[in-house]
Amino acid sequence: MIQTIRHILEVKGSDVWSIGPDATVFDALRMMADKDVGALVVMENDKVVGIISERDYARKIILHGKSSKETLVREIMSTNLYTVHPDQTVEEAMEIMTNKRVRHLPVMEGETLLGMISIGDVVKNIIYRQREIIKSMSQK
């Protein structure tokens, strides 16, 4: 059975944690820790303008000796966004994540943000489907 990104959102929910580009990186990190997520969508005037991840922090703050309390999200966020449509398959999302070396994909329908998926969400879905296939084959 072909699974779409829409199915992943139905299972995990469509909560998306976001932050503004003028917030500090420290505030973004605090929100990621509070929400137990590895990335936040950066929103400005109800429009997706970027994404900030723990990886951005590690590579653009720590390694450059900057301060997370003085640096704004807009200074380190990734603006070259890769997104996925809710009707794309889980395999297509995994291919994007693998080829583009990203761990999070905003789920967009036109200009509307529907949710966010992580590589963990994709892997969980694939493992679940493999278990279901094995279970159905062993019952035959």
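Each remark here, short or long, concerns the structure printed above.
Thresholds, definitions, all that
Residues numbered from 1 in each chain as written. Predicted model: local features only at pLDDT ≥ 70, side-chain atom pairs only at ≥ 80, totals over all residues. Heavy atoms only, no water. Pairing = 2+ DSSP bridges. Helix = DSSP H or I, 4+ residues; strand = E, 2+ residues; numbered from the N terminus. Phe/Tyr/Trp six-rings, centres within 6.5 Å; stacked < 30°, edge-to-face > 60°. Lys NZ or Arg CZ within 6 Å of the ring centre and 35° of its normal. Right-handed = clockwise from strand over helix to strand, strands pointing away. Salt bridge = Lys/Arg side-chain N within 4 Å of Asp/Glu carboxyl O. Buried < 20%, exposed > 50% of the residue type's maximum accessible area, 1.4 Å probe, protein only. Axes fitted to C-alpha atoms, helices over the stretch in contact; angles between N-to-C directions. Parallel < 35°, antiparallel > 145°, perpendicular 65-115°, else oblique. Left-handed = near helix turned anticlockwise from the far one by under 90°. Contact = heavy atoms within 4.5 Å.

Draft legend 1. Molecular detail of the sheet that holds strand β1 (residues 18–19). Pairing within the open sheet is mixed, and its three strands lie in the order β1-β2-β3. For this open sheet the edge positions go to β1 and β3 (47–53), each flanked by a neighbour on one side alone. Summarising the sheet, strand β2 (residues 39–44) and β3 pair through six bridges and their orientation is antiparallel. Of the residues in β3, the one forming a bridge with Glu44 is Lys47.

Draft legend 2. Structural context of the packing of aromatic side chains. Applying the stated rule across the entire model yields zero aromatic pairs. Positioned over the ring face of Trp17 is Lys35, at 4.2 Å from the centre of the ring. One cation-aromatic arrangement involves Lys69 over Phe26; the distance from NZ or CZ to the ring centre is 4.7 Å.

Draft legend 3. Here's a closer look at the pairing of β2. With two bridges joining them, β1 and β2 adopt parallel strand pairing. Residue Ile19 lies in a different strand from β2, and its bridge partner there is Val42. In terms of handedness, the path from β1 via helix α2 (residues 25–35) over to β2 forms a crossover that is right-handed.

Draft legend 4. Looking closely at the environment of Val123. Mapping Val123 onto the fold places it in helix α6 (residues 119–138). Sequence spacing of Val123 and Val90 is 33 residues, and the spatial spacing of their C-alpha atoms is 9.1 Å.

Draft legend 5. Local environment of the pattern of salt bridges. Applying the stated criterion across every chain yields a total of eight salt bridges. The closest approach of N and O atoms between Lys12 and Asp121, which form a salt bridge, is 2.8 Å. Of this pair, Lys12 sits in helix α1 (residues 5–12) while Asp121 sits in helix α6, and the two are 109 residues apart along the sequence. Owing to a relative accessible area of 13%, Asp121 belongs among the buried residues under this scheme. A salt bridge links Lys135 to Glu132; the nearest nitrogen and oxygen atoms lie 3.8 Å apart.

Draft legend 6. The arrangement of unusual backbone geometry in detail. With a phi angle near 55 degrees, Asp36 is a residue other than glycine that sits in the positive phi range. Here Asp36 is to be found in the loop between α2 and β2.

Draft legend 7. Spatial organisation of the packing of helix α5 (residues 90–100) against α6. The interhelical angle for the contact between α5 and α6, taken along N-to-C directions, is 140 degrees, at an axis separation of 10 Å. Considered as vectors, α5 and α6 are oriented oblique to each other. In this structure, α5 crosses over α6, and the sense of that crossing is left-handed. Facing α5, whose interface residues are Val90, Glu91, Ala93, Met94 and Met97, α6 presents Ile119, Val122, Val123, Asn125, Ile126 and Arg129.

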